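Observations on the three-dimensional arrangement
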Amino acid sequence: YFKKCYIPNDSTDLSFLENIHHLSFIDKFQKKAIDILGAISLLILTFPIMLFAAFKIKKESPGPIFFIQKRVGRDEKEFTVIKFRSMRTDSKFNPYTQENDERIFPFGSLMRKTRIDELPQIFNVLKGEMSIIGPRAEWDILVKEYENEIPYYHERHLVKPGITGWAQVNFPYGKGTDDSYQKLMYDLYYIKNWSLWLEIKIILKTIKVVLTKRGT
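Small disclaimer: the values here were computed from a predicted structure and weren't measured.

It is worth spelling out the packing of aromatic side chains at this point. This structure, assessed with the given rule, holds five aromatic pairs. Judged by centre distance (6.5 Å) and plane angle (40°), the ring pair of phenylalanine 171 and tyrosine 186 falls under tilted. Taken as a pair, phenylalanine 171 in the loop between α5 (166-170) and α6 (177-192) and tyrosine 186 in helix α6 lie far apart in primary sequence, 15 residues in all. The residues phenylalanine 171 and tyrosine 186 share a single accessibility class, namely buried.

The following block contains the structure:
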């Protein structure tokens, strides 16, 4: 019903997760085609929006336009993700975004709600580091923490991370280990049940999230 792989809190009887594996050759070919065609189409459609976003960021918050950070990709290979910066450069460090976070400038908040801040990741997709759809690309420091505390967390790295994904459209932005535990269940469901229809369903749900500004 919830469309996720339930992982018991006591970590018992997790054998059903052992058959989660890499996508088949045909599935990878189909997914690669979706990534290339989707990234090129998305770049053409959103280029004016990205230009406007760059202008607004510079106007509201002095500093770099882009936020760059090391993330963990498929097979736990690290790569550098690129996003639009949504926080002030003088912000106090905190790995988690809080509700009504004072570090986020006004247009940054709008970008997060509409997912505009994610658009530069199109270039990560074109470089082959990410997919249009997949688990969230997580910070390398947090990945080490989660792998020590959450069973089967490493399984989410069987596929490339995505700009959007099954967990992203079904669960709010995670603020700690407990939320990451919940999102992992959605990520594992996506990997285990991958299909073209599921990709289409995620795209449609992402459009709904953007239009209703339910992003974070």
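Here the narrative resumes.
Considering all chains together, one arrives at seven salt bridges under this definition. Salt-bridge contacts for glutamate 199 lead to lysine 31; the nearest nitrogen and oxygen are separated by 3.3 Å. Residue glutamate 199 is located in helix α7 (residues 196-212), and its partner lysine 31 is located in helix α1 (residues 25-60); the two are separated by 168 residues in the primary sequence. In terms of burial, glutamate 199 and lysine 31 fall into one category: buried. Measuring nitrogen to oxygen at the nearest pair gives 3.7 Å for the salt bridge that ties lysine 83 to glutamate 118. One end of the pair, lysine 83, is in strand β2 (residues 78-84); the other, glutamate 118, is in the loop between α2 (106-114) and α3 (122-126), and 35 residues separate them in sequence. Comparing lysine 83 with glutamate 118, the two get one shared label, buried. One continuous salt-bridge network, built from bridges that share partners, spans Lys83, Asp117 and Glu118.

Turning our eyes to something else, we now look at a positive patch on the surface. The grouping of Lys28, Lys32, Arg74 and Lys77 at the surface amounts to a positive patch. Residue placement: lysine 77 occurs in the loop between β1 (66-72) and β2.

All right, on to the nonpolar core then. In terms of nonpolar packing, the biggest core is built from 48 residues, with Phe84, Met111, Met130, Trp166 and Tyr190 touching the most fellow members. Each residue touching methionine 130, except ones within four places of it in the same chain, is listed here: Asp35, Phe79, Val81, Gln121, Asn124, Val125, Ala137, Lys160, Pro161, Gly162 and Ile163.

Conventions we followed
Residues numbered from 1 in each chain as written. Predicted model: local features only at pLDDT ≥ 70, side-chain atom pairs only at ≥ 80, totals over all residues. Heavy atoms only, no water. Phe/Tyr/Trp six-rings, centres within 6.5 Å; stacked < 30°, edge-to-face > 60°. Helix = DSSP H or I, 4+ residues; strand = E, 2+ residues; numbered from the N terminus. Buried < 20%, exposed > 50% of the residue type's maximum accessible area, 1.4 Å probe, protein only. Salt bridge = Lys/Arg side-chain N within 4 Å of Asp/Glu carboxyl O. Patch = residues over 30% accessible without salt bridge, like charges linked within 9 Å, V, L, I, M, F, W, Y side chains within 5 Å. Areas by Shrake-Rupley, 256 points an atom, 1.4 Å probe, with all protein chains shown as cover. Lys, Arg positive; Asp, Glu negative; His and termini not counted. Charge placed at Lys NZ, Arg CZ, Asp CG, Glu CD. Core = buried A, V, L, I, M, F, W, Y, C linked by side-chain atoms within 4.5 Å. Contact = heavy atoms within 4.5 Å.

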